[in-house]
Amino acid sequence: MAARAPFADWRVLELSNGIAASYCGKMFADAGADVVKIESLQGDSMRRWSAGGPPGALFGYLAAGKRSVVAVPHEAAALLANADVVFTDLTDGWTLDDITAHTGPTAVIVAVTPFGTTGPYVDDQVIANEFILQALCGSIAGRGWPGDEPVQAGGRLGDWLAGSFAAAVGAAAARHAARGGRGEIVDVSTYEAMAIAMGGLSAMSASVLGADSLLHQRSLELPSIVLTADGMVGFCTITAQQFQDFLVMIDRADLVDDADLASFAGRAERRDEFLGMVTRWTETRTTQEIVDLAVAFRIPVAPIGAPAMLPKVDHFVQRGVFVESGLGALQPRVPYRSDAITTRPPGRPPLLGADNGRVHWPPRPGRPRVADADALPLSDIRITDFTAFWAGPVATQFLGALGADVIKLEGVRRPDGMRFSAGRPPDWDQWWEWGPVFLCSNNNKRGISIELSAEAGRATALELIAASDLVIENFSPRVMANFGLQWDAVSAANPRAVMVRMPAFGLDGPWRDRVGFAQTMEQATGMAWMTGHADGPPVIPRGVCDPIAGLHAAFAAIAALVIRDRDGTGMHVESTMVESALNVAAEMLVEYSRNGIQMRRQGNRGPGATPQGVYRCRGDDEWVALAALDGAARASLAVLIGRPELGSDESGWRERADEIDKLISDWTARRAAHETVGTLRAAGVSAARVTAAAELLSDPQLLARGFWETVDHPAAGSFLCTGMPFVFVGKPRRWVRRAPPLYGQHTGEVLTGILGRGQQDLAELRALGVTSARPAGL
């Protein structure tokens, strides 16, 4: 079968002035869609975006392969009438009413805005860039040490995250419409996306565990990024075994039994002592020596990705991860690949209005309506889910929320490790059912217990695969081989199955067998390089890479299903964590490659606002975030702090940035945070209190939008849980339809209802230890 572009005959309009909607358009263009940008006479504001040099590098990355038409709304009617998908951020005067007045009943319209289109923050016209949203969603409050100034995640990751959610839901809805379903209007909230991936775990932990939760305290990881003899290296010790091995590696085996150091809280109490012993060891060794040793110990490790270094990393070079764009800049390739899928190589971005008069989309012939036209987009799909931890479960939870029947398979000897993370101690009844991360990322799934290392377990898994459309796993590559469940076995069991594999670093290359978590990806790809105070070390954004990887894998799965729908044959797809992260961290590389600019962390400052920062207010650990987005805001702020002569000129504020930060700090220190926010907003300055993640549970915007959904769990009881960060306009909002499963809860139901097994078969499997009602060894 010849490889095909998944969306080769899809027509996509993009109406945007920012990253999120434009990244949606890029993902669709990569997959072969005809993407047309409708721009104002001034053009997409991203055309003028600069990281400090000539503008256009990031625009070139986002707009490659698209077409450009300059049109005011009434002139765009013909394009809207024949578009399959519209991505918009509702700038340039566009409204949903303008768009829906011209689109047909099968069109999918996806609007990505800061807060969504409804709610008190929209009604009150709260102005927010991505930095302010980070303050609101709990991201900033959780990063740093208590007492120190908390710090943002660099690189505007929230915008890229929202774009990833929007592209994936747009793809699912468009597939459904192409198969005879109705179109959708999808209202995506960037704030809600960030609440899920950048603050929601801490909020969920507070909801599930209450005062027992440790996830909501501000901290940095230990160990994480430290100096070496010739640079920097990053570690990640998720499990107790990894931390013990780390101590042995740094020649401190004498501390393996130190109960204080074994806990993160204990390490935080003794952080100066701990960091001292780590750096004394690392600073006498080169980065490569440390990486080689850590890999031998199977400790997650990475050199710290920086602009000049990324193109030289051996793993990226050997896998061909970076490709040259039509503008001659290096950029990451599309983060998924398959022998059955072709993707579009990066061309040149369009000149403004270059395609005026050249876009002619004839009307689509009528499509027959299917009986379940109003069903959820993926209600025809069954998934065998082998994923664990967070990235993989995010992918399958997303697909399950959109209607897929997700069957989560856990081993008897090795269940999903997130069951045991940050929950209850082992003296609690059913303590393995309390992990907040597990509870947050496994809704809408049926859970079965199958030991894959047993031949009867492998045979059962293959039966389930034969009854499924999609198989997803995120183990290291050797694991599925050890189980005899690689692509050849999956394809033999079900020639129509799509298998999506999510290895950390890929199925080949020098880093193939390395252990990698989100923290490792953030260290290796430049996300950490862009995060932290200007005079301090890089800091991991902490976790956002997992949802980003999961959403890209879900997008790849939907793209593969579109081809399967046409051709009837399955395929094998690789969607790696590290390449997903590189795609959303691409600005750093394209600016260096195109303009020679070495972007780096700036603390809480950032592009697009001057000044921008976090300032201490009156009270205990109270902070306010503010961003002056234009000259009028600067002039108003100058008056507030008693220095009207500062005026509105951005260059003057930049030249005196440190002095002005001190003036703002003196002004905020005398005021309560809520009072300060009100005063700033009234003056037209974007502002927010730096909010602890646990407070999201009572946030008025999230409550008004129905963001939090109540889950009734047999072990953990009733708690609030994140659903999806979007609404299908005109339909009830309820994304959590099934609570996360107890361990093995649905084994009998699935094996009898889907595989046709009898009770005698189930009894024999239990007797053999192939299935169990509780994990082994507890």
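Residues numbered from 1 in each chain as written. Predicted model: local features only at pLDDT ≥ 70, side-chain atom pairs only at ≥ 80, totals over all residues. Heavy atoms only, no water.

Visitor: Can you help me understand the overall build of the chain in this one?
Guide: Counting secondary structure elements, the chain contains 30 helices and 24 strands. Rg of the C-alpha trace for the chain: 25 Å, near the compact-globule value of 28 Å for 778 residues, within the 12% margin. Along the first, second and third principal axes, the C-alpha set of the chain runs to 85 × 75 × 50 Å. Taken over 778 residues, the chain has a buried fraction of 60%. When contacts within the chain are restricted to residue pairs at least 6 apart in sequence, long-range pairs at least 24 apart make up 75% of them. (Helix = DSSP H or I, 4+ residues; strand = E, 2+ residues; numbered from the N terminus. Rg over C-alpha atoms; globule rule 2.2 N^0.38 Å. Buried < 20%, exposed > 50% of the residue type's maximum accessible area, 1.4 Å probe, protein only. Contact = heavy atoms within 4.5 Å.)

Visitor: It is not clear to me how the environment of E192 should be interpreted in this structure. Could you clarify?
Guide: Residue position: E192 is located in helix α8 (residues 190-209). C-alpha separation for the pair E192 and M724, spaced 532 residues apart in sequence, amounts to 7.9 Å. Those residues in contact with E192 that sit more than four places away from it in its chain are L702, R705, F707, M724, P725, F726 and R733.

Visitor: Explain the domain arrangement of the chain here, please?
Guide: Domain annotation of the chain identifies domain 1 (225-306), domain 2 (380-579 + 734-777) and domain 3 (611-692). Here the C-alpha centre of domain 3 lies 39 Å away from the C-alpha centre of domain 1. (Domains from an automatic or database assignment.)

Visitor: Honestly, the environment of A404 in this entry has me stumped. Any pointers?
Guide: Inspection of the secondary structure assignment puts A404 in the loop between α15 (391-401) and β14 (405-410). In this structure A404 comes out as buried when scored by relative accessible area, which is 6%. If we skip the residues at most four places from it in the chain, A404 touches L378, S379, I381, I383 and L399.

Visitor: What is the right way to read unusual backbone geometry from this model?
Guide: Most peptide bonds adopt trans geometry, and most residues besides glycine take a negative phi value. Omega for the peptide link from L222 to P223 comes to -5 degrees, which places this bond in the cis form. Mapped onto the secondary structure, P223 falls in the loop between α8 and β7 (225-227). In this structure, P611 follows T610 across a cis peptide bond, with omega equal to -5 degrees. When you line up the elements, P611 lands in the loop between α23 (586-595) and β19 (612-616). Even without glycine at this site, R156 takes up a positive phi of about 50 degrees. Mapping R156 onto the fold places it in the loop between α6 (130-137) and α7 (157-178). Taking the relative accessible area as the measure of exposure, R156 reaches 14% and is therefore buried. Of note, R298 is a non-glycine position whose phi angle comes to about 60 degrees, a positive value. Within the element layout of this structure, R298 appears in the loop between α13 (287-296) and β9 (301-303).

Visitor: Even after reading the chapter, I still don't get the packing of α7 against helix α21 (residues 545-567), so can you show me in this structure?
Guide: In a pair of packed helices, the angle between the axes and the distance between the axes together describe the arrangement. Direction vectors running N to C along α7 and α21 enclose 20 degrees, while the axes themselves pass 9 Å from each other. Considered as vectors, α7 and α21 are oriented roughly parallel to each other. The interaxial crossing formed by α7 with α21 has left-handed handedness. Within the contact between the two elements, α7 uses L161, S164, F165, A167, A168, A171, A172 and R175 and α21 uses P547, I548, L551, H552, F555, I558, L561, V562 and D565. Partitioned by chemical class, the residues of the contact of α7 with α21 number 13 nonpolar, two polar and two charged. (Axes fitted to C-alpha atoms, helices over the stretch in contact; angles between N-to-C directions. Parallel < 35°, antiparallel > 145°, perpendicular 65-115°, else oblique. Left-handed = near helix turned anticlockwise from the far one by under 90°. Nonpolar A, V, L, I, M, F, W, Y, C, P; charged D, E, K, R; others polar.)

Visitor: Explanation requested: the pattern of salt bridges in the structure shown.
Guide: With the rule as written, the count across this model stands at 55 salt bridges. Of the charged contacts in the structure, one is a salt bridge between D565 and R564, with a shortest N-O distance of 3.8 Å. For D658, the salt bridge identified is with R605, shortest N-O distance 2.8 Å. Of this pair, D658 sits in helix α26 (residues 657-669) while R605 sits in the loop between α23 and β19, placing them 53 residues apart in sequence. Several salt bridges share partner residues, and in doing so they unite R175, R179, D380, D469, R564 and D565 into one network. (Salt bridge = Lys/Arg side-chain N within 4 Å of Asp/Glu carboxyl O.)

Visitor: Explain helix α22 (residues 577-584) to me, please; I cannot follow it from the model alone.
Guide: Owing to its 3.6 residues per turn, the α-helix brings residues three or four apart onto one side. A large share of α22 lies buried, amounting to eight of its eight residues. Those residues of α22 that sit buried are M577, V578, E579, S580, A581, L582, N583 and V584.

Visitor: What is the right way to look at the side chain of E587 in this model?
Guide: In this structure, E587 sits in helix α23. Of note is the side chain of E587, whose polar atom sits 2.9 Å from the side chain of R156. With residues near it in sequence (within four places) discarded, E587 still touches W49, A51, L58, R156 and M599. (Polar contact = N/O pair within 3.5 Å; in protein donor to acceptor, adjacent residues only side chain to side chain.)

Visitor: I would appreciate a short explanation of the environment of R705 in the present structure.
Guide: Along the chain, R705 turns up in the loop between α28 (700-704) and β22 (708-713). Through-space distance from the C-alpha of R705 to that of I341 is 38 Å; in sequence the pair is 364 residues apart. Setting aside anything within four residues of it in sequence, one finds R705 in contact with F115, G116, T117, T118, D187, S189, E192, V727 and R733. Among the polar contacts listed, one links the side chain of R705 to the side chain of D187, at a separation of 2.8 Å.

Visitor: I would appreciate a short explanation of the side chain of T747 in the present structure.
Guide: Take T747: it is sitting in helix α29 (residues 747-753). A residue is classified by how much of its surface remains accessible, and T747, at 6% relative accessible area, is buried. In this structure the side chain of T747 is engaged in a polar contact, spanning 3.0 Å, whose partner is the backbone oxygen of G744. The residues touching T747, leaving out its near neighbours within four places in the chain, are G447, I448, S449 and T771.

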